[in-house]
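The primary structure of each chain is shown beneath.
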Protein chains: 2
Amino acid sequence: MNDFYGIDESKIREYARLAVRAGVNVQPGQKVVVRCEAQHYAFARMIAEEAYTAGAGEVVMKYSDTVCTRLYYENVSDEVLTEVPDWMGESMNYYAREKAAFISVSGSNPEAYKGLDPKRLQTRSNLLQTAQKEFRDATMMSLVPWTIIAVPQEDWAKKVFPDLSEEDAMRRLWEYILKTVRIGDGDAVKAWEEHVAFLQKKCCLMNSYAFEKLHYKNSLGTDFTVGLAKGHIWEGGSEKAGTGVTFLANMPTEEIFTMPDCRVAEGTLVSALPLSLKGTLVKNFKLTFHEGCVTDCAAEEGEEALKALLETDEGSRRLGEVAFVPYGSPISAMKTLFYNTLFDENASCHFALGRCYPTTVAGGENMSEAELSAVGGNFSVNHVDFMVGTSDLAITGILADGSEVEVFRDGVWAI
Amino acid sequence: MNDFYGIDESKIREYARLAVRAGVNVQPGQKVVVRCEAQHYAFARMIAEEAYTAGAGEVVMKYSDTVCTRLYYENVSDEVLTEVPDWMGESMNYYAREKAAFISVSGSNPEAYKGLDPKRLQTRSNLLQTAQKEFRDATMMSLVPWTIIAVPQEDWAKKVFPDLSEEDAMRRLWEYILKTVRIGDGDAVKAWEEHVAFLQKKCCLMNSYAFEKLHYKNSLGTDFTVGLAKGHIWEGGSEKAGTGVTFLANMPTEEIFTMPDCRVAEGTLVSALPLSLKGTLVKNFKLTFHEGCVTDCAAEEGEEALKALLETDEGSRRLGEVAFVPYGSPISAMKTLFYNTLFDENASCHFALGRCYPTTVAGGENMSEAELSAVGGNFSVNHVDFMVGTSDLAITGILADGSEVEVFRDGVWAI
């Protein structure tokens, strides 16, 4: 049960170490919360071992199982669905107050919740998010270090590589994931340092322009202008947590991102990749914006789930993140749809509907909600990435004086 | 990862169904809490499915991993060890108040905690027991239905069958476990009905005698007299929960048991089987009692863990349960040491140190602690079974008038 489909176990362990060191940068005495599927218990043990080796004061394991969660949604009454006793929020908020490091091991079936009523999923998700607000805020505002990594599991691997046997698909997905996180023959930690330095150079460049707006256009039908928040900051690679350490919120990460002005968005965005929304795939969708707000949407598949998302709250209809990823990034070069935002967002330029990251505007971490709103910050219980980058995407930066700068051409950096 | 070592999956599913139906007897709308090791996720899913099929209102999964728990004990400071935030107690107490059914899936390595400081284990255990008092009381007083079952895992199977390969040991342990819970070609639920009827007949017989004391003697050196609580009731097989349903607290179960008078115990008890105490094996031990209390103890192995147990509180040095199991019971006939109380206690007559079961005395479920104490009831944060039954064990019942009745001869029923 503990094998990794023929992958050298030392590489898997290096991945666990990378999550602990480069990912959340565990400090002596710090608590570490690890969230993962029960079936990934063997990998989770490696994370626990590496975290204690790094000096963790306590490693708290929080297991779940998507299969049982699906059974829950299929069977419980509306009354049970809306029960969120206090301890359920506290069980995460407690560790946020303790300034723990949070490691999420994702890797569940992208279609785990296919066919379920999206409204029930959204209702429960909203209640949990509200109950766990301190935890949610601590991660969104980077008060604490956190990271999301992924490990393969059978149904996900078969979805990504439908032509391979389950075992071969699992091995292939492990190989791909290790490649995306730069684990190979060389020194992975060093490779990450160089990669983060490259991303930060691009951030500096974009910050020096301080564009007022960006215009997107491609042959899929995207023709869209978005405003950037006043004082926006492009971030990428590592972030600095309120606890003073640098951390990587996502591994892999190929993106640089910033805060849009959620009041300024006009035109149409067409999806470049399917979106896995709480286990439901939304395919070939289109969002039309006016004055920052989605006024129309359509999807070839999963439209109901997309609508449930948009109907959650006002902020779910507005943007909270703008992100650049060159079309030629290592992940997009794999020409593989992972059906998992962690990978797919790093294959493609994208946006997020919903809550903004306060750190992506100058002084944002100390601003009140009202102050953030005043510069264009968006608030919502949701934060959902969706991909728009194609091989012919053109992005033009528009300065305050109206002059234009070519930023992306044919899907890749033009500057 | 989901296979069961060649065992017919329908038998495994029947086991899950048995736990849900005969075990906790799930009622429509009732919440069900399932506690298990993360690595048993596949079996846990079957329990969840069967519970919803039986009409459960919600199935709550609580996973843990003994390997990570061991890392915790090895690494955390005394300060962290004694931290028990309120939500940790509430996360179980909440479901006790909701009158949930509790299913525990045991099956961790009997030596998982070998070599750890037993005092640290006991300290943590005591704090958790205290924090989860409502849950603890609800199960000990049978206010709610609960059951403990076991599934194999590699290190346990290798311990039980050291001469077999890991795979063969796992298959053998599955076969043995399924046999002990009467899953075979026939109707398992019917087999359980008959078995429970037999146990209840023996209870009636013992209750009609209403012995004042029992005397134990065998060639290992046991020579021991224990008083029975005034108004004691022999119970066995199924119990009736406060919620009105019958349930089986343990599967398998071969025992009938009652409440000793914790103030009356004289002489020496010699262990017949090793005791797995929080992951430490205690072997060949001897307990000497005077006026109900352990005054001396010795063990060839694991003495420190035994002493840590006895030092927990006053009640840990006194008896809380007396149980009969004929030496020829199906489990003892397997001539296999399971290193797991759930099985080994059903292979052998045994006692428990620590807390009594209030339901084993007339009216006990409605008595205050003071009232229970007055009839000889024992209180402790612990309740630990240890085995004394041998093939030559003689048990004599002593009536109030001093007359004697032979109850067990050569390890089996004499009446």
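Residues numbered from 1 in each chain as written. Chains lettered and ligands numbered in written order. Predicted model: local features only at pLDDT ≥ 70, side-chain atom pairs only at ≥ 80, totals over all residues. Heavy atoms only, no water.

Scanning chain A from N- to C-terminus turns up 14 helices and 20 strands. Against the 2.2 N^0.38 benchmark of 22 Å for 415 residues, chain A shows a C-alpha radius of gyration of 20 Å, consistent with a compact globule. Counting only C-alpha atoms and orienting by the principal axes, one finds that chain A spans roughly 60 × 55 × 50 Å. Within chain A, the fraction of its 415 residues that count as buried is 60%. Sequence-distant contacts in chain A: of pairs separated by 6 or more residues, those separated by 24 or more amount to 76%. Carbon and sulfur atoms make up 49% of the accessible area of chain A, which totals about 15,500 Å². Computed over 40 positive and 60 negative side-chain charges, the separation of the two mean positions in chain A equals 2 Å. (Helix = DSSP H or I, 4+ residues; strand = E, 2+ residues; numbered from the N terminus. Rg over C-alpha atoms; globule rule 2.2 N^0.38 Å. Buried < 20%, exposed > 50% of the residue type's maximum accessible area, 1.4 Å probe, protein only. Contact = heavy atoms within 4.5 Å. Areas by Shrake-Rupley, 256 points an atom, 1.4 Å probe, with all protein chains shown as cover. Lys, Arg positive; Asp, Glu negative; His and termini not counted. Charge placed at Lys NZ, Arg CZ, Asp CG, Glu CD.)

The periodicity of an α-helix, 3.6 residues per turn, causes residues three or four places apart in sequence to face the same way. All names here are of chain A. End to end, helix α9 (residues 166–180) covers 21 Å across 15 residues, agreeing with the expected 21 Å (1.5 Å per residue, within 8%). Burial in α9 covers these residues: Ala-169, Met-170, Leu-173, Trp-174, Tyr-176, Ile-177, Leu-178 and Thr-180. A positive phi of about 65 degrees marks Arg-182, the residue just after α9. (Expected span 1.5 Å × (residues − 1).)

All right, on to the relation of the copies chain A and chain B then. With an RMSD of 0.0 Å, the fit of chain A onto chain B corresponds to turning through 180 degrees and sliding 0.0 Å along the axis. Both copies are brought into coincidence by an operation consistent with a two-fold rotation axis. When the interface residues of chain A are mapped onto chain B, 100% of them are again interface residues, pointing to one common binding face. (Least-squares fit on C-alpha atoms with pLDDT ≥ 70 in both.)

All right, on to the interface of chain A and chain B then. Across the boundary between the two partners, chain A contributes 34 residues, which contact 34 residues of chain B. The interface formed by chain A and chain B holds four salt bridges in total. Among the ionic pairs, Lys-31 of chain B bridges to Glu-83 of chain A, the shortest N-O distance being 2.8 Å. In this assembly, chain A and chain B are joined by four residue pairs in polar contact (both at pLDDT 80 or more). Broken down by class, the residue content of the side of chain A that touches chain B amounts to 19 nonpolar, five polar and 10 charged. (Salt bridge = Lys/Arg side-chain N within 4 Å of Asp/Glu carboxyl O. Polar contact = N/O pair within 3.5 Å; in protein donor to acceptor, adjacent residues only side chain to side chain. Nonpolar A, V, L, I, M, F, W, Y, C, P; charged D, E, K, R; others polar.)

Time to look at the confidence of the model for chain A. On average, residues of chain A score 94 in pLDDT, and 100% of them are at 70 or above. Interface scoring of the predicted complex returns ipTM 0.84; its pTM is 0.85. (pLDDT = per-residue confidence, 0-100.)

The contact between helix α5 (residues 86–97) of chain A and helix α5 (residues 86–97) of chain B brings their axes to 9 Å, and the two run at 165 degrees. As the angle between them shows, α5 of chain A and α5 of chain B are arranged roughly antiparallel. Every pair of crossing elements has a handedness; the one defined by α5 of chain A and α5 of chain B is left-handed. Across from Trp-87, Met-88, Glu-90, Ser-91, Tyr-94 and Tyr-95 of chain A in α5 of chain A, the residues of α5 of chain B making contact are Trp-87, Met-88, Glu-90, Ser-91, Tyr-94 and Tyr-95 of chain B. (Axes fitted to C-alpha atoms, helices over the stretch in contact; angles between N-to-C directions. Parallel < 35°, antiparallel > 145°, perpendicular 65-115°, else oblique. Left-handed = near helix turned anticlockwise from the far one by under 90°.)

Residue and element names in this part refer to chain A. Relative to the assigned elements, Gln-132 resides in the loop between α6 (118–131) and α7 (133–140). Given a relative accessible area of 15%, Gln-132 falls into the buried group. When residues no more than four places from it in sequence are discounted, the contact partners of Gln-132 are Met-88, Gly-89, Met-92 and Asn-93.

Residue and element names in this part refer to chain A. Pairing of strand β6 (residues 223–228) with strand β11 (residues 260–270) involves five bridges; the strand directions are antiparallel. By the bridge assignment, Thr-225 is partnered in β11 with Glu-266. Two elements, β11 and strand β13 (residues 280–290), share four bridges in a ladder whose sense is antiparallel. Across the sheet, residue Thr-268 finds its bridge partner in β13, namely Thr-288. (Pairing = 2+ DSSP bridges.)

Before going further, it helps to examine helix α2 (residues 41–53) of chain A. Residues and elements named next belong to chain A. Taking 1.5 Å as the rise per residue, α2 with 13 residues should run 18 Å; its terminal C-alpha atoms sit 18 Å apart, in good agreement. Counted residue by residue, α2 has 11 buried out of 13 residues, so it is predominantly covered. Here α2 has its buried residues at Tyr-41, Ala-42, Phe-43, Ala-44, Arg-45, Met-46, Ile-47, Ala-48, Glu-50, Ala-51 and Tyr-52. Just downstream of α2, Gly-55 is the residue with a positive phi angle, here 100 degrees.

Once that is clear, we can look at the pattern of salt bridges. A full pass over the atoms with the stated rule returns 52 salt bridges over all chains. Note that Glu-58 of chain B is salt-bridged to Lys-31 of chain B, the shortest N-O span being 3.3 Å. Placement of the pair is Glu-58 of chain B in strand β2 (residues 58–64) and Lys-31 of chain B in strand β1 (residues 31–37), with a sequence separation of 27 residues. We classify Glu-58 of chain B as buried; its relative accessible area is 7%. Notably, a salt bridge pairs Asp-168 of chain B with Arg-171 of chain B, separated by 3.1 Å at the nearest N-O pair. With Asp-168 of chain B and Arg-171 of chain B both in helix α9 (residues 166–180) and three residues apart, the pair spans about one turn of that helix. Shared partners join several salt bridges into a network, and the residues in it are Arg-13, Arg-17, Glu-49 and Glu-50 of chain A.

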